[in-house]
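The lines below spell out each chain.
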Amino acid sequence: MEAAHAHNGHGHGAHGHHYSGLMRWITTTNHKDIGTLYLFFALTMFFVGGLLALMLRAELFEPGLQFWRPEFFNQLTTMHGLIMVFGAIMPAFVGFANWQVPMMIGAPDMAFARMNNWSFWLLPVGAILLVASFFVPGGATAAGWTIYAPLSTQMGPGMDLAIFALHIMGASSIMGSINIITTILNMRAPGMALMKMPLFVWTWLITAYLLIAVMPVLAGAVTMVLTDRHFGTNFFNAAGGGDPVLFQHVFWFFGHPEVYIMILPGFGIVSQIVPTFARKPLFGYSSMVYATASIAILSFIVWAHHMFTVGMPAVAQLFFMYATMLIAVPTGVKVFNWIATMWKGSLTFETPMLFACGFIFVFSMGGFTGLVLAITPVDIQLQDTYYVVAHFHYVLVAGSLFALFGGTYYWLPKWIGRMYDETLGKWHFWLSMIFFNITFFPMHFTGLAGLPRRVPDYNMQFADFNMISTIGAFGFGLAQLIFVYVLVKAIRGAGEKVSDKVWEGADGLEWTLPSPPPYHTFETPPLVK
Amino acid sequence: MISKGLRSFAVAAAWFAAAPALANQYNLQEPQSIIAREIYDLHTLIMWIIVGIFVVVFGAMTYAIVMHRKSAGHKAEQFHENTTVEIVWTIIPFFILIGMAWPATRTIISMKDTSGAEVTIKATGYQWKWGYDYLQEGISFYSNLSTPREQIEGKVPKGENYLIEVDNPVVVPAGKKVRIITTANDVIHSWWVPALGIKQDSIPGFVRDTWFKADKPGIYRGQCAELCGKDHGFMPIVVEVVTPERYASWVSEQKKKMAAAAPDSGEQWTLDELKARGEKIYAGNCVACHQPTGMGVPGAFPALSGSKIVTGPKDGQIKVVLNGVVKDGKPTAMVSFKHLSDVDIAAVITYTRNNWANKTGETVAPADVKAARK
């Protein structure tokens, strides 16, 4: 950001020449610059993925085929999922980690500064491969973001591009995680014991371990698809002795921890915001840490609940049902702790707090439907219907995305030294919240009534709710333009200058730094008591 | 004034009259089998539990938001730990979960018990239709979407069962345990009939099974539930449940039909007869990929019109239709159609060789196909 750039003068004499302009961003090894790159990249991909979502919602506005051929519709749903997961949500959280982790633990920068640069610059390469796959013969992959074999072995060259993109983005995530773990374990300021770390840092430490554990599994799964496609192997081809269901086991062994990778840092952000605006310390700090760790551990033993309809033995169904239901316990603990933090506080509702409260409310609804889906017999009825689409958008949009918005409004004044437009921020929240529910709430009903997901056309009985969803989706999409406007306005310096502490109830090392913080965050480590 | 009041009353009355129909759109479909009813009741039970939790948790949150605001003059207290409370709200959810898991466990066990079935039907998923084989009765047929193309393209109004209607429904007797064995020919599909409470993935190269016992006669509709490519949304499932007596007569009728359609009797076919028959076979088996225009889908499915194979020697084309196309040791989307009769294969090949830009003028006789099968 410009303001951070202005601080270049501060103490960089010893580091010699800095590039300026575009080269500054390409060669930067500064955690704040790289954080900014991650965040702008994620925002761009968020709009690309959002555009695909609006294109598919347009087709679903009414029954019949109006705009797209079914095969292109499948490309839209697939690429919407891949781009949002790997291009928008995951990089956005890494962007927050880059900006915040060194500031919150009292470090000067990330541990591996040059690898940090490399792990970011891999992402645009992956993104270009993904987007370019629309333009190869046969178009982008249309096998769903889960790229189940053997459907994915049938696809055209678009599938290969997606596989390479996943490899590259996975490598980027692994490098980012190694960096985050090393930074957190080695570069904390004196006195910053593990159990004193801000919860955002804790959640990212655990998330980074999850990433290192499962991204190689995904890489393995997509590599097997690749060799099945081109090199004569038969991992997923029954005729050659393989098993199509094997792909699902491997994929979801990655895929379930992946959904926690996308939500745990969000829990961390909300756990920073709520105490600030309740003006009261976080309730049950240590139980929050243990709950996060429990969720992460449980995430490795629940994967097959995505596959209750493949026909596994009753014992397996029972095991995965019980394990899945157990996750409700630590997740419940988190929600209770947030509410206990608000309880008897002195609450104000600036935009970050609105998003945090919105998060708790709407994410919990996604948690409730998760409990419904955990019940195997009910899941067998609802699997691959719009009920599932509603469920995971409640946890991913109202969960991860709202946490990201809240975090942006919360820390943006610290990053740029100026306040954003509070009125517009509130508009952004309320419109997002209302249109989100208009879009996704009706999907519970269509799913219950029997509308399968990933279909371009449907029976008339689903027409009303689909029309409402599409209207909501366009409203939600337009509301995000407010967010861009608020960002641009704030970054161009329209807002008031803010103090170091920014928020009255803020607590933590980042609020002891000037706003915006100096180019090298903490040159002498602060002492944490 | 009065008329306005009357009108809104009429609207409200119409709405209430429609309420039972609306309930269908808000909730699981009305259950028509034991398992479906157990699933329905489980869902209702869990809905009430989560509504209860919702009220308690968000009641507390709303209370805090309203009463503990700074603008209402509330001063923050500084407590941040209470081990008793933490233990309580970890333990209570455990008991709630056990209450939910108990009935679910019973249902899972009965869902898995496929023993003692009186009718066994194999459902095979194809891109993009279902094939059914009644294993004891020896009846086999395909079930294709019967919604006309014009309705999908919006040229004519859509019917009541738009996209959930087929040419040949699965017919089963009411009150009898029916075991469904699923498998697939190409990619994973999923056989799903919501009202009967069954959904079972059909996996190429593997068989899986599930069962239902329909309470009463009726027509129950479902769809493929696993993304299986381009026409995933266009391969519905229709189960017609009839009385055991009607089922028995349906079976004998089908057996007669099967006998009539039995292998080639050496009958001679003219080019036009084969073309007419072939057009129907094409519409049922080929059109999804190769398209009505015979132009295929560029990059995905090759064109037949002007194709070297279709206009070349007929033996080459017969081989492709009988054996499918294998590339690098792997089956492609062009699967084997050897399950079709000699006449049908001869007819569809003749049709493709004398349609669109293809003007070979050749007839492929059923005997040619028979010879190639050896």
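For clarity, every value in this text was computed on a predicted model and none was experimentally measured.

What counts as what
- Residues numbered from 1 in each chain as written.
- Chains lettered and ligands numbered in written order.
- Predicted model: local features only at pLDDT ≥ 70, side-chain atom pairs only at ≥ 80, totals over all residues.
- Heavy atoms only, no water.
- Salt bridge = Lys/Arg side-chain N within 4 Å of Asp/Glu carboxyl O.
- Buried < 20%, exposed > 50% of the residue type's maximum accessible area, 1.4 Å probe, protein only.
- Axes fitted to C-alpha atoms, helices over the stretch in contact; angles between N-to-C directions.
- Helix = DSSP H or I, 4+ residues; strand = E, 2+ residues; numbered from the N terminus.
- Parallel < 35°, antiparallel > 145°, perpendicular 65-115°, else oblique.
- Left-handed = near helix turned anticlockwise from the far one by under 90°.
- Nonpolar A, V, L, I, M, F, W, Y, C, P; charged D, E, K, R; others polar.
- Domains from an automatic or database assignment.
- Contact = heavy atoms within 4.5 Å.
- Buried area = accessible area lost by both parts, 1.4 Å probe.
- Polar contact = N/O pair within 3.5 Å; in protein donor to acceptor, adjacent residues only side chain to side chain.

## Points about the pattern of salt bridges
Residue and element names in this part refer to chain A.
Reasoning step 1: Counted by the stated rule, this structure contains 16 salt bridges over all chains.
Reasoning step 2: The salt bridge partner of Asp 33 is Arg 24, with a shortest N-O separation of 2.7 Å.
Reasoning step 3: On the accessibility criterion, Asp 33 (0% relative accessible area) is buried.
Reasoning step 4: By relative accessible area, Arg 24 is classed as buried at 5%.

## Observations regarding the packing of helix H3 (residues 31–59) of chain A against helix H4 (residues 70–105) of chain A
Residues and elements named next belong to chain A.
Reasoning step 1: At their nearest, the axes of H3 and H4 sit 7 Å apart, and the two run at 160° to each other. In terms of their interaxial angle, H3 and H4 are classed as roughly antiparallel. As for the relative orientation of H3 and H4, their crossing is left-handed in sense.
Reasoning step 2: Partitioned by chemical class, the residues of the contact of H3 with H4 number 26 nonpolar, ten polar and two charged.

## Brief notes about the domain arrangement of chain B
Residue and element names in this part refer to chain B.
Reasoning step 1: Domain boundaries assigned for chain B yield domain 1 (13–71 + 82–112), domain 2 (119–261) and domain 3 (271–373).
Reasoning step 2: Between domain 2 and domain 3, the C-alpha centre-to-centre distance is 26 Å.
Reasoning step 3: Listed per partner, the contact involves eight residues of domain 2 and eight residues of domain 3.
Reasoning step 4: For the pair domain 2 and domain 3, the summed buried surface comes to about 690 Å²; carbon and sulfur atoms form 55% of the total.
Reasoning step 5: Run the count over domain 2 and domain 3 and you get zero salt bridges.
Reasoning step 6: Partitioned by chemical class, the residues of the side of domain 2 that touches domain 3 number three nonpolar, two polar and three charged.

## Examining the interface of chain A and chain B
Where interface size is quoted, it is often the accessible area lost as the parts come together.
Reasoning step 1: Each partner contributes residues to the interface: chain A has 101 residues there, and chain B has 89 residues.
Reasoning step 2: Both sides of the chain A and chain B interface together cover about 8200 Å² of buried area, and 68% of this is carbon and sulfur.
Reasoning step 3: For the pair chain A and chain B, the interface holds one salt bridge.
Reasoning step 4: Close ionic contact of Lys 70 of chain B with Glu 504 of chain A constitutes a salt bridge, the shortest N to O distance being 2.8 Å.
Reasoning step 5: Inspection of the chain A/chain B interface yields 29 residue pairs in polar contact (both at pLDDT 80 or more).
Reasoning step 6: Taken together, the residues of the side of chain A that touches chain B break down into 60 nonpolar, 29 polar and twelve charged.

## Comments concerning unusual backbone geometry
Note on backbone geometry: most residues besides glycine have negative phi, and most peptide bonds are trans.
Reasoning step 1: Note that the residue after Ala 149 of chain A, namely Pro 150 of chain A, is joined by a cis bond; omega there is 0°.
Reasoning step 2: One can find Pro 150 of chain A in the loop between helix H5 (113–132) and helix H6 (151–154).
Reasoning step 3: For the peptide bond that leads from Gln 127 of chain B to Trp 128 of chain B, omega is 0°, which places it in the cis range.
Reasoning step 4: Within the secondary structure, Trp 128 of chain B is located in the loop between strand S1 (119–126) and strand S2 (129–134).
Reasoning step 5: The phi dihedral of Lys 344 of chain A falls on the positive side, at around 60°, and the residue is not glycine.
Reasoning step 6: In this structure, Lys 344 of chain A sits in the loop between helix H13 (328–342) and helix H14 (351–374).
Reasoning step 7: Residue class for Lys 344 of chain A comes out partly exposed when judged on its relative accessible area of 30%.
Reasoning step 8: Notably, Gln 291 of chain B is not glycine yet its phi reads approximately 70°, a positive angle.
Reasoning step 9: Tracing the sequence through the fold places Gln 291 of chain B in the loop between helix H8 (287–290) and helix H9 (308–311).

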